[in-house]
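Single-letter residue listing:
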Amino acid sequence: MSMTTQRRPQTLAALISSGELAGFRPGQPAELLSGINDIDPEVCAASRCELCGQRGLTLRPFTLWRDRRTGAWSEYRTFAECPMCAHVSEF
Ligand SMILES: [Zn+2]
């Protein structure tokens, strides 16, 4: 993702409608529910919005599933969403 200087929030809705998250579904692979992923909500909660400075962001994980029935996945992305301005930044 190319990062340009932005004044307006980059929202999840905009990311989704732009096709940036095409094929991704909200959620995270089961094996990431323990381990490295445990830290993300805490990191989010302690982070500030890069746009408006609000502290306390919400974790928004997205997974590109290869086969959801078997739990096979090919890509995992996490975003932090600002509760004030709805800006999201990728972790
Ligand atoms: Zn914000």
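So, how was this worked out
- Residues numbered from 1 in each chain as written.
- Predicted model: local features only at pLDDT ≥ 70, side-chain atom pairs only at ≥ 80, totals over all residues.
- Pairing = 2+ DSSP bridges.
- Helix = DSSP H or I, 4+ residues; strand = E, 2+ residues; numbered from the N terminus.
- Buried ≥ 20, exposed ≤ 12 C-beta atoms within 10 Å, placed from the backbone.
- Contact = placed C-beta atoms within 7 Å.
- Axes fitted to C-alpha atoms, helices over the stretch in contact; angles between N-to-C directions.

It is worth spelling out the pairing of strand β2 (residues 58-67) at this point. Where strand β1 (residues 24-26) and β2 come together, 3 bridges link them in antiparallel fashion. Following the sheet pairing, R25 is matched in β2 by T63. Pairing of β2 with strand β3 (residues 72-81) involves 9 bridges; the strand directions are antiparallel. When the sheet's bridge partners are listed, D67 is paired in β3 with A72.

Here Q54 lies in the loop between α2 (40-45) and β2. Classification of Q54 as partly exposed rests on a count of 14 C-beta atoms within 10 Å. It is 7.0 Å that separates the C-alpha atoms of Q54 and C82, two residues lying 28 residues apart in sequence. The contact partners of Q54, leaving out residues within four places of it in the chain, are R48, C49, C82, P83 and M84.

We note that A86 has phi near 70°; this positive angle belongs to a residue other than glycine. Mapping A86 onto the fold places it in the loop between β3 and β4 (88-90).

Turning our eyes to something else, we now look at the sheet that holds β2. A sheet is described by the order of its strands in space; here 4 strands give the open sequence β1-β2-β3-β4, paired in antiparallel fashion. Whereas interior strands pair on both sides, the edge strands pair on one side only; in this sheet they are β1 and β4. Recorded for the sheet is a direction-independent mean angle of 35° between the axes of neighbouring strands.

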